[in-house]
Amino acid sequence: MKKIATLLGGASMAFAVPAYAADIVIGVPNWPSVNATAHILKVAIEQNLGLEVELQNGTNPIVFEAMDSGAMNVHPEVWLPNQQNLHDTYVEEKGTVAMNPNGVEAFQGMCVDKATADANGITSIDDLTNPDIAALFDSNGDGQGELWIGAPGWASTNVEKIRAKSYGYDQVFELTEIDETVAYANLDNAIKAGESWVGFCYTPHYVFQLHDLQVLEEPAYDAAKWKVLQPTDDPEWLEKSEAGVAWDKAYLHLHYSKSLENDFPEVARLLSHMKLDTDQVSEMTYALVIDEKDPQAYAEEWVAAHEDAVLGWMSE
């Protein structure tokens with residue numbers, strides 16, 4: 001691969017000194033696409049800038065706090081408006097974090113497997129408030145259906161609690177929080193067994209390539225009806241929140257520590273210009289989850305195959 005030094009007149013050689021710790025630390029929350037993107041950034045930076053990059057797991061609030069303090073430098077995939085409160089605090093108010101403007105368009109909603117939806121006329125999210133419909137998803141016989149609202153630690157999981165309360169289906173469903181890989185394994189098993197499944201769904205994601213899902217209809221997003229607080233905003237966030245409408249269109253944005261602009265300007269340049277699209281991110285999740293590719297090996301393949309794009313991020 002060409003080296004970025006050829007584009008920057010050798011400026012990257014300034015960092016060819018021994019390091020006692022990683023030069024750049026990338027935070028990695030718990031979903032597949034952020035893991036793929038984190039590894040791609042690691043490979044791109046290490047191969048082209050000669051820096052040591054470390055990946056550290058962390059929830060969204062932890063990664064933002066660490067970018068603020070300097071303990072971490074990058075959050076590869078911030079969902080907005082999901083993490084709007086964190087964005088507002090660290091980008092708008094404190095000014096310690098910067099946002100890459102190139103967002104990847106995303107969708108969030110509630111899905112039912114198509115076979116169950118067609119057989120029972122399930123088309124709208126309001127159908128979930130019907131106890132007879134909820135009973136279709138009762139796999140353990142406790143009288144309530146099971147509905148996956150997301151993984152622990154996701155901002156969207158809290159929003160789905162608010163939405164369930166607002167629509168009223170929290171009264172007839174058990175709202176389950178489990179890791180995404182387990183949830184979608186349950187979906188796969190349910191479809192193979194001819195059983196029913198309902199839960200949170202989003203794009204970009206591989207799941208729509210694997211299964212035929214019915215996205216439930218909802219009233220269009222209305223900002224006046226979307227009053228969402230997170231636990232970090234108020235201890236009584238759930239009681240004070242209301243969201244009985246569809247999600248607004250979402251975008252995924254890379255965020256990074258502003259201090260990089262002085263400490264490692266070449267890295268900041270890459271981070272500020274990185275650009276992906278929805279199809280690329282979906283392909284990444286498919287590769288890691290369905291094809292079970294090693295994230296590091298996949299990232300090396302991806303960077304090699306997208307050499308011109310990577311060098312473009314660094315030279316703009």
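Residues numbered from 1 in each chain as written. Predicted model: local features only at pLDDT ≥ 70, side-chain atom pairs only at ≥ 80, totals over all residues. Heavy atoms only, no water.

Draft legend 1. Molecular detail of the overall build of the protein. What the protein contains, in helices and strands, is 15 helices and 12 strands. In summary, the protein has a C-alpha radius of gyration of 21 Å against a globular reference of 20 Å for 316 residues, a match within 12%. The principal-axis extents of the C-alpha atoms in the protein amount to approximately 70 × 40 × 30 Å. Across the 316 residues of the protein, 49% fall into the buried class. Sequence-distant contacts in the protein: of pairs separated by 6 or more residues, those separated by 24 or more amount to 77%. Distance from the positive charge centre (17 side chains) to the negative charge centre (51 side chains) of the protein: 6 Å. (Helix = DSSP H or I, 4+ residues; strand = E, 2+ residues; numbered from the N terminus. Rg over C-alpha atoms; globule rule 2.2 N^0.38 Å. Buried < 20%, exposed > 50% of the residue type's maximum accessible area, 1.4 Å probe, protein only. Contact = heavy atoms within 4.5 Å. Lys, Arg positive; Asp, Glu negative; His and termini not counted. Charge placed at Lys NZ, Arg CZ, Asp CG, Glu CD.)

Draft legend 2. Region of interest: the environment of Gly244. You can see Gly244 is positioned in the loop between β11 (242–243) and β12 (250–257). For Gly244, a relative accessible area of 27% puts it in the partly exposed group. Sequence separation between Gly244 and Ser124 is 120 residues, and the spatial gap between their C-alpha atoms is 13 Å. Beyond its immediate chain neighbours, meaning those up to four positions away, Gly244 contacts Ser166, Tyr167, Pro219 and Lys225.

Draft legend 3. Region of the structure containing helix α14 (residues 295–305). Within α14, the full set of buried residues consists of Tyr298, Ala299, Trp302 and Val303. One face of α14 carries all of its buried residues, which in axial projection span an arc of 130°. Facing away from the buried surface of α14 by more than 90 degrees, the exposed residues are Ala304 and Ala305. The elements touched by buried residues of α14 are α2 (32–49), α13 (278–290) and α15 (307–315). Looking at where α14 begins, the residue whose side-chain oxygen comes 3.2 Å from the main-chain nitrogen of Gln296 is Asp294. (Arc of directions from axis to C-beta. Polar contact = N/O pair within 3.5 Å; in protein donor to acceptor, adjacent residues only side chain to side chain.)

Draft legend 4. Structural detail: the layout of surface pockets. Reported here for the largest pocket is a volume of approximately 320 Å³. Every residue lining the largest pocket is counted, 17 residues in all, and those nearest its centre are Ser139, Glu146, Asn186, Ser196 and Trp197. Tallied by class, the residues present in the lining of the largest pocket amount to 9 nonpolar, 5 polar and 3 charged. Approximately 220 Å³ is the volume found for the second largest pocket. As for the second largest pocket, its lining consists of 13 residues, of which Pro81, Asn82, Gln84, Trp226 and Val228 are closest to the centre. Of the residues in the lining of the second largest pocket, the class split is 7 nonpolar, 4 polar and 2 charged. (1 Å grid on protein atoms, 1.4 Å probe; cavity = no way out; pocket = protein on both sides within 12 Å on 5 of 7 lines; lining within 4 Å. Points joined across faces, edges and corners; volume = space filled by probe spheres on them. Nonpolar A, V, L, I, M, F, W, Y, C, P; charged D, E, K, R; others polar.)

Draft legend 5. Just α2, in detail. Over its 18 residues, α2 runs 26 Å from end to end, which matches the ideal 26 Å to within 8%, given 1.5 Å per residue. Judged by how many residues are buried, α2 sits mostly within the fold: 15 of 18 residues are covered. (Expected span 1.5 Å × (residues − 1).)

Draft legend 6. Quick look at the packing of aromatic side chains. Considering all chains together, one arrives at 17 aromatic pairs under this definition. With centroids separated by 5.9 Å and ring planes inclined at 45°, the aromatic side chains of Phe137 and Phe173 adopt a geometry described as tilted. Of this pair, Phe137 sits in the loop between α6 (131–135) and β6 (145–150) while Phe173 sits in strand β7 (residues 173–177), and the two are 36 residues apart along the sequence. With respect to burial, Phe137 and Phe173 carry one shared label: buried. (Phe/Tyr/Trp six-rings, centres within 6.5 Å; stacked < 30°, edge-to-face > 60°.)

Draft legend 7. Representation of the pattern of salt bridges. Within the structure shown, the criterion is met by 13 salt bridges. Arg163 serves as the salt-bridge partner of Glu218, at 2.8 Å between the closest nitrogen and oxygen. On the criterion of sequence distance, the pair formed by Glu218 in the loop between β9 (213–215) and β10 (226–227) and Arg163 in helix α7 (residues 155–167) is long-range, its members being 55 residues apart. The partner of Lys165 in a salt bridge is Glu242, and the shortest N-O contact between them spans 3.9 Å. (Salt bridge = Lys/Arg side-chain N within 4 Å of Asp/Glu carboxyl O.)

Draft legend 8. Main features of the confidence of the model for the protein. Averaged over every residue, the pLDDT of the protein is 92; the share at 70 or more is 93%. Below pLDDT 50 for its whole length, residues 1–20 participates in 32 contacts with residues either more than four positions away or in separate chains. (pLDDT = per-residue confidence, 0-100.)

Draft legend 9. Expanded view of unusual backbone geometry. The omega torsion across Leu80 and Pro81 is 20°, close enough to zero to call that bond cis. Among the secondary structure elements, Pro81 is positioned in the loop between β3 (74–80) and α4 (84–93). For the peptide bond that leads from Thr203 to Pro204, omega is 5°, which places it in the cis range. Summarising the element assignment, Pro204 is placed in the loop between β8 (198–203) and α9 (207–210). Despite not being glycine, Glu292 shows a phi value in the positive range, around 55°. As for its position among the elements, Glu292 is in the loop between α13 and α14.

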